[in-house]
Amino acid sequence: MGLTAISKFEVRNNMEDEVREAFRNRPELVENADGFVGLNVISPKDNPAEFWLITHWEDEESFHHWHDNHRSESHQNIPKGLKLVKRSFTLSYFDHITS
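The structure displayed is predicted, hence computed values, not measured ones.

What counts, and at which threshold
- Residues numbered from 1 in each chain as written.
- Predicted model: local features only at pLDDT ≥ 70, side-chain atom pairs only at ≥ 80, totals over all residues.
- Heavy atoms only, no water.
- Helix = DSSP H or I, 4+ residues; strand = E, 2+ residues; numbered from the N terminus.
- Rg over C-alpha atoms; globule rule 2.2 N^0.38 Å.
- Buried < 20%, exposed > 50% of the residue type's maximum accessible area, 1.4 Å probe, protein only.
- Contact = heavy atoms within 4.5 Å.
- Areas by Shrake-Rupley, 256 points an atom, 1.4 Å probe, with all protein chains shown as cover.
- Lys, Arg positive; Asp, Glu negative; His and termini not counted.
- Charge placed at Lys NZ, Arg CZ, Asp CG, Glu CD.
- Pairing = 2+ DSSP bridges.
- Axes fitted to C-alpha atoms, helices over the stretch in contact; angles between N-to-C directions.

### A closer look at the overall build of the protein chain
Thought 1: Helices and strands together make up the secondary structure of the protein chain, namely 3 helices and 4 strands.
Thought 2: Along the protein chain, helices and strands appear, N-terminal first, in the series β-α-β-β-α-α-β.
Thought 3: Relative to its length of 99 residues, the protein chain is compact, with a C-alpha radius of gyration of 14 Å against a globular reference of 13 Å.
Thought 4: Based on the C-alpha atoms only, the size of the protein chain along its principal axes is roughly 40 × 25 × 20 Å.
Thought 5: Out of the 99 residues in the protein chain, the part that is buried amounts to 29%.
Thought 6: In the protein chain, once contacts between residues fewer than 6 apart in sequence are set aside, the share between residues at least 24 apart is 73%.
Thought 7: Only carbon and sulfur atoms are counted for the fraction: they give 49% of the accessible area of the protein chain, which is about 6,800 Å².
Thought 8: Computed over 11 positive and 17 negative side-chain charges, the separation of the two mean positions in the protein chain equals 12 Å.

### Overview of the sheet that holds strand β1 (residues 2–10)
Thought 1: Spatial ordering of the open sheet is given by β2-β3-β1-β4, a layout of 4 strands whose pairing is antiparallel. Looking at the sheet topology across the chains shown, the edges are occupied by β2 (36–42) and β4 (90–96). On average, adjacent strands in this sheet sit at an angle of 15 degrees to one another, irrespective of strand direction.
Thought 2: Of the strand pairs in this sheet, β1 and β4 are connected by 7 bridges, and their pairing is antiparallel. By the bridge assignment for β4, Lys8 is matched with Thr90.
Thought 3: Here helix α1 (residues 16–24) sits on the sheet in contact with β1, β2 and β3 (50–57), set at roughly 20 degrees to β3.

Right, dumping it as structure tokens:
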């Protein structure tokens, strides 16, 4: 059984386009992480300032190893000056049952 980790955040200073561009041009470092399966980045049509990152992992240990040791490398291209809505960041874990 795999793990899906979903994080969500909301931009508060009108930098949605810069965030989208940063995701489109990201260094793809997580793809080399042990146990990584895939990533989807989505934004709700009714709130384009909100972003959801859905990552799929072979197991929970792989996610936590990456998150604890390599996450900062993947965040190097965050747009300068980006501000988030306070307390908008969430991180939830899901058991992957089927695709």
